[in-house]
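One letter stands for each residue in the lines below.
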Amino acid sequence: MNTDNFDEGLIRKIAALASVELASNELLELVSQLTKVVEYVAKLQTIDTLSVNPMSHATAISCLLRDDIPETSVLEGALLNAPEQNSGYFCVPRIIDG
Amino acid sequence: MNDLLDLDVQSAHDLLCKKKVSAEELTRAYLKRIDDVDERINAFITIDEELALQMARDADRRIKQSNMTPLTGIPIALKDILVTKKLRTTCASKILQDFIPPYDATVCRELRDAGAVFLGKTNMDEFAMGASNENSAFGAVSNPWDLKRVPGGSSGGSAAAVAAQECLIAIGTDTGGSIRQPASHCGIVGLKPTYGRVSRFGVIAFASSLDQVGPMGHSVLDCAYLLQGIAGFDPKDSTSIPDAPPDYLQTIEHPPRGLRVGVPKEYFGPGLDREVRDIVRGAIAHLEGLGLAIQEISLPNSDYAVADYYILATAEASSNLARYDGMRYGLRVKEAGLKETYCKTRDAGFGKEVKRRILLGTYVLSSGYYDSFYLKAQKVRTLIRQDFENAFETVDLIAGPVAPTAAFPLGENVSDPLKMYLCDIYTTPVNLAGLPGLSLPCGFDSNRLPVGLQLIGKPYDEQTLLRVGHHYQQSTEWHKRRPALD
């Protein structure tokens, strides 16, 4: 596995995808640490899995549904820890321009 | 030392039933113990004395009415990853440092309904990411056996609290070993049940296909009582298995003679500390003396488990932790724009290890890398599961070490994440396969540090692990030792 491209530029891109800001002094340490980890986990590339099905879960349960019955509103509880609220709404930074 | 702190669940229940001690007296004894020792250990993030005493008084009312369960009046500590209604829940993170949940996790509701007494919320690695409890925004936890060493993680606070007799029993969670490894390092018992056996509703998610809640205590019997109280189907958890759990207390006394124990040759290779190896082999020989049949087995894909885990768990974590964005709850670092608010909030709120894992998880899921990392890891997970399925055709349970070493010094592995990840070498396969795993004390090394024996069971077969563990403890004394803190 080629990890040569695992550099500051790539980590900045990943951080942007993950919406995490990183300080410049963090980047160098992260490049070194994450390169080691990625090189280690890349050992899976050596295993033959051509005829193996992926496993996403430990149980065979899937797509459980419940009855479509309305339950009690959770509004009060939902707003309990809101950083900012107004008239039963979360206040957030502007999303739509104009 | 107060004799009340030496009780187990059964003897505490007997004394409470006979009204020889009240739940309030028992709770006060533990609160005093926390007051006496926790400054040195830092096992707790939140202690609510008023709540604990109120719950104890409620338990005493139930006892008067003869309306008891085995857990009524029992003082318990809860890992701060389970939401508790109106009681701060932080996940040991700055991003949730003032979070007050509006509801209870199902496990917490069950324990309240059973009349247990909540002493407080225990310290942990932030968002359950760690194997040493050094990644907490509320300070590291110290191992009660040697305060300069780690207790293990991520349920380090729960493990240390039990070991130091700051609670009678505790709840932890285990995603890659986070109950079993700290149990081993702290000389106590910890059980990771089969995936789906205990509800995850209200458990702050790290890796949803791996997380499990489990009991921690001084004895296998104490853990069995606690498991009985929390296991079972929950309609609020879509991964909860529908079958009712068996009566663990009924089967625990059945002698384990004749059971077949597999010992994986891959678990005794290079990397395992020599003293740990000898102690664990001694424990396995003791099982043979109890009449169990020991045979060597192979789990050929064991070497890939840590790599597999750190792709899958971090991928799931990167998705689960996307919710911490400063919008609806938790820390908000206010900026002019939405994206800036997200980025600054998450930078200020998350610790280094959490950020590392989010970045790794995002990377392995991103375009161009998904197939070669994430999809590949899902296929390797199938191979690891198949290794166990093949082994269980000829054995009833598997025995081996919990961790490659005993507890290491604080600060030793903090700046080498890969070295820390390799601590999980014997525990991660069990989570990947969704199996139950039990850690129980089986000796002490030359530094007088505890060493744990791991027993791994077939799916849904916690009973066999509890049976074997309980009989092991009836013929050994390791679990009766206590660290010298006084």
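Bear in mind that the values here come from a model prediction, so they are computed numbers and not experimental data.

A few words now on the nonpolar core. All names here are of chain B. Of all hydrophobic cores here, the largest spans 170 residues; its most connected members are Ile76 and Val117. Here this core gets 10 residues from one element, more than from any other, and that element is helix α10 (residues 305-320). Non-local contacts of Val117, meaning those with residues more than four positions away in its chain, are made with Ala23, Thr27, Ala52, Met55, Ala56, Ala59, Gly73, Ile74, Pro75 and Ile76.

Residue and element names in this part refer to chain B. With their axes 7 Å apart at the nearest point, α10 and helix α12 (residues 352-365) run at an angle of 100 degrees to one another. Judged by the inter-axis angle, α10 sits roughly perpendicular to α12. For the pair formed by α10 and α12, the contact residues are Ile311, Thr314, Ala315, Ala317 and Ser318 on the first element and Arg357, Ile358, Leu360, Gly361, Thr362, Val364 and Leu365 on the second. Broken down by class, the residue content of the contact of α10 with α12 amounts to 7 nonpolar, 4 polar and 1 charged.

On to the sheet that holds strand β2 (residues 75-79) of chain B. Residue and element names in this part refer to chain B. The 11 strands are arranged β1-β3-β2-β4-β6-β5-β10-β11-β9-β7-β8 in an open sheet whose pairing can be described as mixed. The sheet is open, and its two borders are formed by β1 (44-47) and β8 (293-297), each paired with just one other strand. Each adjacent strand pair in this sheet contributes to an overall mean axis angle of 30 degrees, direction not counted. Looking at chain direction, strand β10 (residues 437-444) and strand β11 (residues 450-457) are connected through 7 bridges and run antiparallel. Counterpart to Gly443 in the pairing with β11 is Val451. The strands touched by helix α9 (residues 274-289) within the sheet are β7 (260-264), β8, β9 (397-401), β10 and β11, with β10 carrying the most contacts at an inclination of about 110 degrees.

Once that is clear, we can look at the confidence of the model for chain B. Summary statistics for chain B give a mean pLDDT of 97 and a share of 100% for residues scoring 70 or more. Among the prediction metrics, the complex's ipTM stands at 0.94, with pTM recorded as 0.97.

At the interface, 57 residues of chain B touch 41 residues of chain A. Among the elements of the structure, α10, α11 (338-349), α12, α13 (370-391) and α14 (417-421) of chain B are those that each provide at least two residues to the side of chain B that touches chain A. For the side of chain B that touches chain A, the leading source of residues is α13(B), giving 11 residues. For the side of chain B that touches chain A, the per-class residue count stands at 29 nonpolar, 15 polar and 13 charged.

Take the environment of Thr382(B) next. Note on placement: Thr382(B) falls in helix α13. Residue Thr382(B) is classed as partly exposed on the basis of its 18 C-beta neighbours within 10 Å. Sequence-wise, Thr382(B) and Gly400(B) are 18 residues apart; in three dimensions their C-alpha atoms are separated by 22 Å. What Thr382(B) contacts, discounting residues up to four positions off in sequence, is Val52(A), Asn53(A), Pro54(A) and Met55(A).

Residue and element names in this part refer to chain B. Between its first and last C-alpha, α13 extends 31 Å over 22 residues, near the 32 Å set by a 1.5 Å rise per residue. Taking the largest bend as the criterion, α13 deviates by roughly 30 degrees, centred on Lys376. Residues of α13 that are buried include every one of Phe373, Tyr374, Lys376, Ala377, Gln378, Val380, Arg381, Ile384, Asp387 and Phe388, and no others. Of the surrounding secondary structure, the elements contacted by the buried residues of α13 are α10, α12 and α15 (428-433).

Conventions adopted
- Residues numbered from 1 in each chain as written.
- Chains lettered and ligands numbered in written order.
- Predicted model: local features only at pLDDT ≥ 70, side-chain atom pairs only at ≥ 80, totals over all residues.
- Core = buried A, V, L, I, M, F, W, Y, C linked by C-beta atoms within 7 Å.
- Buried ≥ 20, exposed ≤ 12 C-beta atoms within 10 Å, placed from the backbone.
- Helix = DSSP H or I, 4+ residues; strand = E, 2+ residues; numbered from the N terminus.
- Contact = placed C-beta atoms within 7 Å.
- Axes fitted to C-alpha atoms, helices over the stretch in contact; angles between N-to-C directions.
- Parallel < 35°, antiparallel > 145°, perpendicular 65-115°, else oblique.
- Nonpolar A, V, L, I, M, F, W, Y, C, P; charged D, E, K, R; others polar.
- Pairing = 2+ DSSP bridges.
- pLDDT = per-residue confidence, 0-100.
- Expected span 1.5 Å × (residues − 1).
- Bend = angle between axes of the 7 residues up to and from the residue.

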